[in-house]
Amino acid sequence: MRVFFSGGGTGGHLYPGLAIARALVRRAPQVVPHFIGAQRGIEREVLPTTEFAHTLLDLHPLYRAAPWRNWQTLAGGVRAWRAIGRLAAGAPPAAVIGTGGYAAGAALAWGRVHGVPLVLHECDSFPGKVTRWFAPRASLLSLGFPEATRAVATGPQTRVVPSGNPIAPPESRDRDAARARWGIATNALVLLIVGGSQGSAALNDAVAAWVRAGLPDGVQLIWATGRAHHARFASLAGPDVRVEPYLAPIAEAYAAADLALTRAGAMTIAELCAWGIPSVLVPLPTAAQDHQTHNARTLASAGACVHLPQSELGSDALTALIGALQRDPTRRDAMAVAARSRGRPNAAAEIADLIATHVLKLP
């Protein structure tokens with residue numbers, strides 16, 4: 001039984017698809033996923049390293065800032081449509097599963113026209129255009145944030161499930177053992193800093209200035225700069241500052257952390273909530289439709305994070321904010337409880353079961 005997965009451009013749209021595909025194969029081994037993505041997205045690097053068959057097409061986003069380039073979007077869409085038709089000719093898909101981003105649009109449109117059941121997963125608190133376009137005709141819509149229902153219209157046959165975002169479930173959290181592996185004191189306040197898989201220049205610069213100005217006593221950092229940025233900041237490593245280019249696996253850092261300073265991507269938030277880690281979220285101001293700000297505001301309203309706009313980010317702000325949280329363990333504990341209450345560590349398995357039973361009609 002063949003199932004098309006489409007989504008990508010960024011890791012936040014690709015990795016949920018991979019997590020769902022793996023859970024679906026575990027649930028129903030007869031399912032054969034085939035990923036459809038864009039030649040210019042992160043999927044061109046990631047999919048060849050996975051176990052899944054895949055096809056990369058000449059897909060383009062909508063060029064809002066340069067509309068004269070949208071002829072490429074149209075031409076690429078036509079070529080993609082034909083390629084998907086050829087791909088489906090040998091073994092038609094039983095469903096098309098879209099996980100967002102411009103890379104998902106062509107396959108979902110093909111599936112809709114050909115009467116193939118559509119499944120959507122929306123990772124953000126404010127749904128993207130692809131989700132809003134196809135939700136009225138979807139058989140199943142799973143939501144990373146239940147608040148997303150306020151901004152999406154669905155059809156009478158659409159089953160909407162606030163599933164959470166599919167991530168790798170947390171491992172056992174042995175805080176002392178994790179700190180011992182990092183060489184961190186058990187009584188320190190450990191702040192994990194992650195700017196996404198590529199790193200964040202704005203976060204890195206602010207943290208560097210903060211480190212140079214002097215961290216509050218008792219605060220220690222695990223700081224992932226991103227590989228491209230690491231050389232600039234490696235010299236700031238010391239007894240209280242661990243500077244890493246990338247954290248893979250990240251579980252040992254989560255296990256050691258009391259608090260996190262990160263961007264507000266949906267998958268990062270899902271992991272923080274699953275681990276029950278309170279956070280300071282600094283949304284990427286250029287994110288499409290400002291979805292990271294929506295994510296941060298949603299989590300702040302739930303009491304699980306502090307929303308810190310990038311315009312307010314700086315050494316002084318970090319000293320004041322992290323210092324205040326360091327002195328208020330009761331507040332940190334309440335934030336951790338709020339985060340954990342939103343965690344859905346088994347989301348991938350739950351979504352896969354819904355796809356198998358509700359869409360593919362498997363026992």
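That block above? That's the structure.
The paragraphs below set out a description of the structure included in this document. All chains use their own residue numbering, which begins from 1 and follows the written sequence. Only residues with pLDDT of at least 70 are given local features in this predicted model, and only at 80 or more are side-chain atom pairs given and counted; all residues enter the totals for whole chains, interfaces and linings. Heavy atoms from the whole structure form the basis of all side-chain values; hydrogens and water molecules are not counted.

Comments concerning the sheet that holds strand β6 (residues 140–143)
Here is the rule we go by: We call two strands paired when DSSP finds no fewer than two bridges between them. Put simply, DSSP H or I for four residues or longer makes a helix, DSSP E for two residues or longer makes a strand, and each gets a number counted from the N terminus. To obtain an axis, a line is fitted to C-alpha atoms, over the contacting stretch when the element is a helix, and the angle between two such axes runs from 0 to 180 degrees between their N-to-C directions.
Overall, parallel pairing links the 7 strands, which are arranged β3-β2-β1-β4-β5-β6-β7 in an open sheet. Each edge of the open sheet is held by one strand with a lone partner, namely β3 (53–57) and β7 (159–161). Each strand of the sheet is rotated relative to its neighbour by a mean of 20°, with strand direction disregarded. Sheet topology places strand β5 (residues 118–122) next to β6; 4 bridges connect them, and they run parallel.

Details of the pairing of β5
Counted only if it meets this: Exposure classes here rest on a 1.4 Å probe applied to the protein chains alone. A residue is buried below 20% of its type maximum, exposed above 50%, and partly exposed in between. If the strands point away from the viewer and the path from the first strand over the helix to the second runs clockwise, then the crossover is right-handed.
For β5, a buried count of 5 out of 5 residues is recorded, marking the element as mostly surrounded by other parts of the structure. Residues L118, L120 and E122 line one face of β5 and the alternating positions V119 and H121 line the opposite face, and both faces are buried. One ladder, built from 3 bridges, connects strand β4 (residues 95–98) with β5; its direction is parallel. Within β5, the position partnered with V96 by the bridge is L118. Handedness of the β-α-β unit built from β4, helix α4 (residues 105–113) and β5 comes out right-handed. Once you follow β5 into helix α5 (residues 129–134) and on to β6, the crossover reads as right-handed.

Remarks on the environment of G199
Tracing the backbone shows G199 in the loop between β8 (189–194) and α7 (201–213). A relative accessible area of 18% places G199 in the buried class. Between the C-alpha atom of G199 and that of G183, which follows or precedes it by 16 residues, the distance is 23 Å.

Points about the packing of helix α1 (residues 11–27) against helix α14 (residues 347–359)
Worth spelling out the cut-off: By definition in this entry, angles of less than 35 degrees are roughly parallel, angles greater than 145 are roughly antiparallel, angles of 65 to 115 are roughly perpendicular, and the rest are oblique. Should the near helix be turned counterclockwise from the far one by less than a right angle, the crossing is left-handed, whereas a clockwise turn marks it as right-handed. The criterion used for residue contact is that any of the two residues' heavy atoms lie within 4.5 Å. Just so you know the grouping, Ala, Val, Leu, Ile, Met, Phe, Trp, Tyr, Cys and Pro go in nonpolar, Asp, Glu, Lys and Arg go in charged, and all remaining residues, Gly too, go in polar.
Two elements in contact, α1 and α14, have axes separated by 8 Å at closest approach and are oriented at 60°. As far as their axial angle goes, α14 and α1 are oblique. Considering only the axes of α1 and α14, their crossing is right-handed. Mapping the contact onto sequence places A19, I20, A23, L24 and R27 in α1 and A348, A349, I351, A352, D353, I355, A356 and T357 in α14. For the contact of α1 with α14, the class distribution of residues is 10 nonpolar, 1 polar and 2 charged.

Observations concerning the packing of aromatic side chains
The test is simple: Aromatic contacts are taken between Phe, Tyr and Trp rings whose centres are within 6.5 Å, Trp giving its six-membered ring; a plane angle under 30 degrees counts as stacked, one over 60 as edge-to-face, and the others as tilted. A ring has a charge above it when a Lys NZ or an Arg CZ is no more than 6 Å from the ring centre and no more than 35 degrees off the ring normal.
Enumeration according to the criterion identifies 4 aromatic pairs in this entry. Here F5 and F35 contribute two aromatic rings whose centre-to-centre distance is 5.0 Å and whose plane-to-plane angle is 20°, an arrangement assigned as stacked. Of this pair, F5 sits in strand β1 (residues 2–6) while F35 sits in strand β2 (residues 32–38), placing them 30 residues apart in sequence. With respect to burial, F5 and F35 carry one shared label: buried. An angle of 45° between the planes, with centres 5.4 Å apart, marks the rings of W223 and F233 as tilted. Within this pair, whereas W223 is found in strand β9 (residues 219–224), its partner F233 is found in helix α8 (residues 230–233), the two being separated by 10 residues in sequence. Both residues of the pair, W223 and F233, belong to the buried class. Put simply, the rings of F5, F35 and F52 pair up and form one aromatic cluster. Taking NZ or CZ as reference, R227 lies 4.4 Å from the ring centre of Y246, over its face.

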